[in-house]
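Per-entry structural report
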There are 2 protein chains.
Amino acid sequence: MYAVKESSTNHANKQGELSKCPVTFTLDRIGGRWKALILYHLIAGPQRYGALKKLIPAITEKMLIQQLKELEADTLVHREVKPVVPPHVTYSLTPAGTELAPVMQAMANWGLKYAAVEVG
Amino acid sequence: MYAVKESSTNHANKQGELSKCPVTFTLDRIGGRWKALILYHLIAGPQRYGALKKLIPAITEKMLIQQLKELEADTLVHREVKPVVPPHVTYSLTPAGTELAPVMQAMANWGLKYAAVEVG
DNA sequence: ATAGATACTTACTTTTTGGTTAGTACTTGT
DNA sequence: ACAAGTACTAACCAAAAAGTAAGTATCTAT
């Protein structure tokens, strides 16, 4: 016979939630499938909405806009609208977004090295 | 009246999938809510399963083990079992995992800086 | 005999994320 | 009058990720 299990639930563990570690803080803003990728493509400079769509062909319009909005809300990207028709909207990194560049750059470096390993 | 929409679906865009960018490659292995955090806590050195659980109180056992397994399958972490009872299992970074440290370190740096901004 | 320690495993449910498909606004050029 | 171009928006549904709660194995110490 075995003793009754104490529980390994998230709820029971939530006590530690407030004392978040810095990595968790960052992950909360740039985690997910798309955000780091979007930010990466903005490092080189501002991009129009349509340009981002082309740079990240796998993303759907819904996701691209949703993620851009969230990044904007977190003040990582800046959105600029030229009042013309058809619309002309440009996205760029804010200072806070720019300071994330090392993260994406490190990812790119690692990816370059190990993608090559797996192929070759 | 409007023209019929072409489609902005993922399927239609999948042509670009093979020519993956290096960031996507990296994200495929360390993306998600937990992996970067786990790797971060292994930078300082090998950790037992139970130690990781304490270092990351918000994670459930199921997730911790599942993520560790995936990281192991991607040869980012190494799992070592001492054949004793009770079990004694140690996780550590592989060379490939170690080379990801700059990513997590950059995240930690940014997190430290901007978490402070939000509070202060 | 049984409780304790450690590292898992499994079945099930909920939550979150993402995809599909369609539509809108507005102005210029034909 | 209408098609084209650009940047969205919204309703609905499916899939993936994560959470919950419980159980298992094995040896040591009591």
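I will try to describe carefully the structure that is included in this document. Quick caveat, the model's predicted, so the values are computed rather than measured. (Residues numbered from 1 in each chain as written. Chains lettered and ligands numbered in written order. Predicted model: local features only at pLDDT ≥ 70, side-chain atom pairs only at ≥ 80, totals over all residues. Heavy atoms only, no water.)

1. A closer look at the pattern of salt bridges
Any two side chains of opposite charge can pair, given that their charged atoms come close. Quick note on the threshold: A pairing counts as a salt bridge when a side-chain nitrogen of Lys or Arg comes within 4 Å of a carboxyl oxygen of Asp or Glu. The helix count covers DSSP runs of H or I at least four residues long, the strand count covers runs of E at least two residues long, and both are numbered beginning at the N terminus.
The tally for this structure, following the rule as stated, stands at 6 salt bridges over all chains. In this structure, the salt-bridge partner of A:Lys113 is B:Glu99, at a minimum N-O distance of 2.8 Å. A residue pair is termed interchain when its members come from two chains, as with A:Lys113 in helix α7 (residues 101-119) and B:Glu99 in the loop between α6 (95-98) and α7 (101-119).

2. Focus on the interface of chain B and chain A
Heads up, the condition is: Any two residues whose heavy atoms approach within 4.5 Å are treated as being in contact. Here the buried area means the combined drop in accessible surface, using a 1.4 Å probe, for two parts upon being joined, counting both sides. Pairing of N or O atoms within 3.5 Å defines a polar contact, subject to two protein rules: one partner must be a possible hydrogen donor and the other a possible acceptor, and residues neighboring in sequence count only if both atoms are side-chain atoms.
Between chain B and chain A, the residue contacts involve 40 residues of the former and 41 residues of the latter. Surface buried jointly by chain B and chain A totals about 3,500 Å² across both partners, of which 69% is contributed by carbon and sulfur atoms. Contact with chain A buries area across many residues of chain B, yet B:Val23, B:Met107 and B:Trp110 alone supply 19% of it, more than any other trio. Taken together, the links from chain B to chain A amount to 2 salt bridges. Taken together, chain B and chain A are joined by 10 residue pairs in polar contact (both at pLDDT 80 or more). Where the side of chain B that touches chain A is concerned, the elements lending two or more residues are α1 (10-13), α2 (22-30), α3 (35-43), α6 and α7 of chain B. In terms of residue count, α7(B) provides more of the side of chain B that touches chain A than any other element does, 13 residues in total.

3. Re the relation of the copies chain B and chain A
Selection criterion: Each copy is superposed on the other by least squares, with the fit set by C-alpha atoms of residues at a pLDDT of at least 70 in both.
Expressed as a screw operation, the relation of chain B to chain A combines 0.0 Å of axial shift with a rotation of 180 degrees, fitting to an RMSD of 0.0 Å. Overall, the copies show the geometry of a two-fold rotation axis. Residue B:Val103, judged by its C-alpha, is the member of chain B lying nearest the rotation axis, at 2.6 Å. Take the interface residues of chain B: 100% of them recur as interface residues in chain A, which is what a same-surface contact looks like.

4. Observations concerning the packing of helix α2 (residues 22-30) of chain A against α3(B)
Under the convention used in this document: Every axis in this analysis is a line fitted to C-alpha atoms, fitted for helices over the stretch in contact. Angles between the N-to-C directions lie between 0 and 180 degrees. Convention used here: angles under 35 degrees read as roughly parallel, angles over 145 as roughly antiparallel, angles from 65 to 115 as roughly perpendicular, and any remaining angle as oblique. Crossing chirality is assigned from the near helix's rotation relative to the far helix, an anticlockwise turn below a right angle marking it left-handed and a clockwise turn marking it right-handed. Three classes are used: nonpolar for Ala, Val, Leu, Ile, Met, Phe, Trp, Tyr, Cys and Pro, charged for Asp, Glu, Lys and Arg, and polar for all others, with Gly counted as polar.
Where α2(A) meets α3(B), the closest approach of the two axes is 10 Å, and the angle between their N-to-C directions is 160 degrees. Judged by the angle between their axes, α2(A) and α3(B) are roughly antiparallel. Regarding α2(A) and α3(B), the two cross each other, and that crossing is right-handed. Contacts between α2(A) and α3(B) involve A:Pro22, A:Val23, A:Thr24 and A:Leu27 from the first element and B:Ala36, B:Leu37 and B:Tyr40 from the second. Class assignment of the residues belonging to the contact of α2(A) with α3(B) gives a composition of 6 nonpolar, 1 polar and no charged.

5. Things to note about the sheet that holds strand β2 (residues 77-82) of chain B
All names here are of chain B. Our working rule: Any two strands with at least two DSSP bridges between them are considered paired.
If you trace the 3 strands from one edge of the open sheet to the other, you get β1-β3-β2, paired in antiparallel fashion. The sheet is open, and its two edges are formed by β1 (47-48) and β2, each paired on a single side. Where β1 lies against strand β3 (residues 88-93), 2 bridges are found, and the strand directions are antiparallel. Considered in β3, the bridge of arginine 48 is made with threonine 90.

6. Concerning unusual backbone geometry
All names here are of chain A. Omega for the peptide link from valine 85 to proline 86 comes to -5 degrees, which places this bond in the cis form. Positionally, proline 86 belongs in the loop between β2 (77-82) and β3 (88-93). Phi angles above zero are rare outside glycine, and threonine 75 is one such case at about 50 degrees. Mapped onto the secondary structure, threonine 75 falls in the loop between α5 (61-73) and β2.

7. Things to note about the side chain of A:Thr90
Mapped onto the secondary structure, A:Thr90 falls in strand β3. Beyond its immediate chain neighbours, meaning those up to four positions away, A:Thr90 contacts A:Pro46, A:Gln47, A:Arg48, A:His78, A:Arg79 and A:Glu80.

8. Notes on the sheet that holds β2(A)
Residues and elements named next belong to chain A. What the 3 strands build is an open sheet, ordered β1-β3-β2; its pairing is antiparallel. Where the open sheet ends on each side, the last strands, each with one partner, are β1 (47-48) and β2. The sheet contact formed by β2 and β3 spans 6 bridges and is antiparallel. Bridge pairing in β3 links histidine 78 to serine 92. Sitting on the sheet, helix α3 (residues 35-43) touches β1, β2 and β3, and the angle it makes with β3 is about 95 degrees.

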